[in-house]
Every structure is written in C-alpha cells, then in structure tokens.
Amino acid sequence: MKALGRGALCAAALWSTAALAQAETVEFSDGGRKRADTGIYAQLGGGLEGYTGQLAPEVTPGFSYGAALGYRPHGLFAVELGYSGGLSDIDSRMGLLDDGEGGPDIVRNAGQAVVVGSFTDTRLQPYVLTGIGLDRYNVRNDARGAVRGFSDDTSGYVPAGAGLRYQVGNLITADARVNYNFLFDQDFAPGGRAPGALDGRYAAVLSLGGTY
C-alpha cells in the first residue's frame, strides 16, 4: 500500500513537471520565439543612393550610410529618428575641375523623423514608413575643385520607404530598407529647378542593430 502511494506521488510529480515544461515551451514559442520585441531599438547601416529624373545624368550613384533610434510600443507600430549621409560624384561633363585629390564632390547629411507601420507582429516583419526630413548638401566648390553651378544648400524632403526586418535571437535585428525621398527643391544643383514627383533620391540600405 505504501509502495502504491509512493508510486502515485511519483507519477503525479512527473506529470506536473511535464505539464509545466510543456506550458513553458508553448508560452516561449508563442510569446517569445515568434513575436516581435517591443521597446527601444537602434541600428547602423550602409548601402547605395542615387538620384532620379533631372539629377540622374548629373550626379552619379554613391555610398549611403546612416543610423536610427526608435521606439516600438507595439509590434505593429514604431516611431523613429534617423540620420543619413551620402557621398556622390558629379558627372565630369558638368564641369568638374579635378584637383587630383579625389574624394566625393557632394557630401550630404540629413536628419529625419518617421513613423513605421508593420504588416505583421512576428519576428519577420515587412513594413512601410513615411515622415519628414531635412538635407544639408556640401559641395566641393573652391579654387582646387570648382563645380559649375553646384553649391551648398539646405532643403527638406518627404521620405517614403519599405523594408523587411528580422529579429535574430533575443537581441540582434537585421533590416533591409529601400527609400525614395521626394525633394522640396534642388537648389544645390544648377538652375534651382523645382522637382517633380519623379525627381528625387533613392537609397537601398542594409542595417544591423538590436532592441533593448
């Protein structure tokens, strides 16, 4: 009888342990492994950028880089502050006087604030974004390397983008993003032309970061 009681107690203990382990596995699978993390995130990246429309034949595609700091209160929504930079060359037919020192002809620095909307709240998230941004163009335009018609300028833009975000483990986040920026003006370029919808800047950037 005592042996039977001990056996029942052992069986009950084993059953409760197995049930608890199964519950923890389900909770981890549903709430941890597959769900996107919320909170503050940061990321750094680099890629390629170029111009479309009127600027396409004048400015060659160049290197793009950036950083972002955001907050995701919900798996489907985030707000983000970002910095981006670009290094581009002006086509030699536009009158660049080569100073023999190399380097980019246009250095661009920008800041932007965007909202990000995701289509899923899983760890693999396709998303879209939009917001407002401000560009600062610095053109190499001195006695050693003058560029006919190009000059320093500050201007605004509206970013529109789409991307794919994936959380690797509990910390690392990989992000692939394509942006198209609608420029308010093109005063840094010759003629100060008013841009149309097809006169803008595109960028493709790969980033790594994490959510904390």
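Just so it is clear, the structure is predicted and the values come from calculations on it, not from any experiment.

Undergrad: In this structure, what is going on with the overall build of the chain? I would like to understand it.
TA: Tallying secondary structure elements over the chain gives one helix and eight strands in all. The order of α-helices and β-strands along the chain, N terminus first, is α-β-β-β-β-β-β-β-β. Counting only residues that meet the buried cut, the chain has 37% of its 212 residues in that class. The contacts of the chain with a sequence gap of at least 6 include a subset with a gap of at least 24, amounting to 66%. Of the roughly 11300 Å² that the chain leaves accessible, carbon and sulfur atoms contribute 67%.

Undergrad: What's the story with the sheet that holds strand S1 (residues 39–51) in this structure? I'm lost.
TA: Think of a sheet as strands paired side by side through backbone hydrogen bonds, with each pair either parallel or antiparallel. Pairing in this closed barrel of eight strands is antiparallel, and the strands run S1-S2-S3-S4-S5-S6-S7-S8 around the ring. Averaged over neighbouring strand pairs, the angle between their axes works out to 25° when direction is ignored.

Undergrad: Explain the packing of aromatic side chains here, please?
TA: Each pair of aromatic rings is reported with the distance of its centres and the angle of its planes. Inspection of every chain in the model, using the stated rule, returns six aromatic pairs. Taken together, a centroid distance of 6.2 Å and an interplanar angle of 50° make the contact between Tyr-51 and Phe-188 tilted. Highlighted residues: Tyr-51 in strand S1 and Phe-188 in the loop between strand S7 (172–183) and strand S8 (200–211), separated in sequence by 137 residues. The structure contains a cluster of three or more aromatic residues connected by ring pairs, namely Tyr-51, Tyr-137, Phe-150 and Phe-188. In this arrangement the basic side chain of Arg-165 is found over the ring face of Tyr-41, its NZ or CZ atom lying 5.8 Å from the centre. If you follow Arg-201 out to its NZ or CZ, it ends over the ring of Tyr-157, 5.2 Å from the centre.

Undergrad: What should I look at first to understand the pairing of S1 in this one?
TA: Looking along a regular strand, one sees side chains alternate from face to face of the sheet. In the sheet, S1 pairs with strand S2 (residues 59–74) via 11 bridges, with the strands oriented antiparallel. Looking at the pairing, Tyr-41 lines up with Gly-70 of S2. Here 11 bridges tie S1 to S8, and the two strands are oriented antiparallel to one another. Counted as the bridge partner of Gly-50 is Tyr-202 from S8.

Undergrad: Would you mind showing me how to read a nonpolar patch on the surface here?
TA: Among the surface-exposed residues, Leu-124, Leu-164, Tyr-166, Val-168, Leu-171, Ile-172, Leu-208 and Tyr-212 lie close enough to one another that they form a single nonpolar patch of about 810 Å² accessible area. With respect to the element layout, Leu-171 can be found in the loop between strand S6 (153–168) and S7.

About the thresholds
Residues numbered from 1 in each chain as written. Predicted model: local features only at pLDDT ≥ 70, side-chain atom pairs only at ≥ 80, totals over all residues. Heavy atoms only, no water. Helix = DSSP H or I, 4+ residues; strand = E, 2+ residues; numbered from the N terminus. Buried < 20%, exposed > 50% of the residue type's maximum accessible area, 1.4 Å probe, protein only. Contact = heavy atoms within 4.5 Å. Areas by Shrake-Rupley, 256 points an atom, 1.4 Å probe, with all protein chains shown as cover. Pairing = 2+ DSSP bridges. Axes fitted to C-alpha atoms, helices over the stretch in contact; angles between N-to-C directions. Phe/Tyr/Trp six-rings, centres within 6.5 Å; stacked < 30°, edge-to-face > 60°. Lys NZ or Arg CZ within 6 Å of the ring centre and 35° of its normal. Patch = residues over 30% accessible without salt bridge, like charges linked within 9 Å, V, L, I, M, F, W, Y side chains within 5 Å. Salt bridge = Lys/Arg side-chain N within 4 Å of Asp/Glu carboxyl O.

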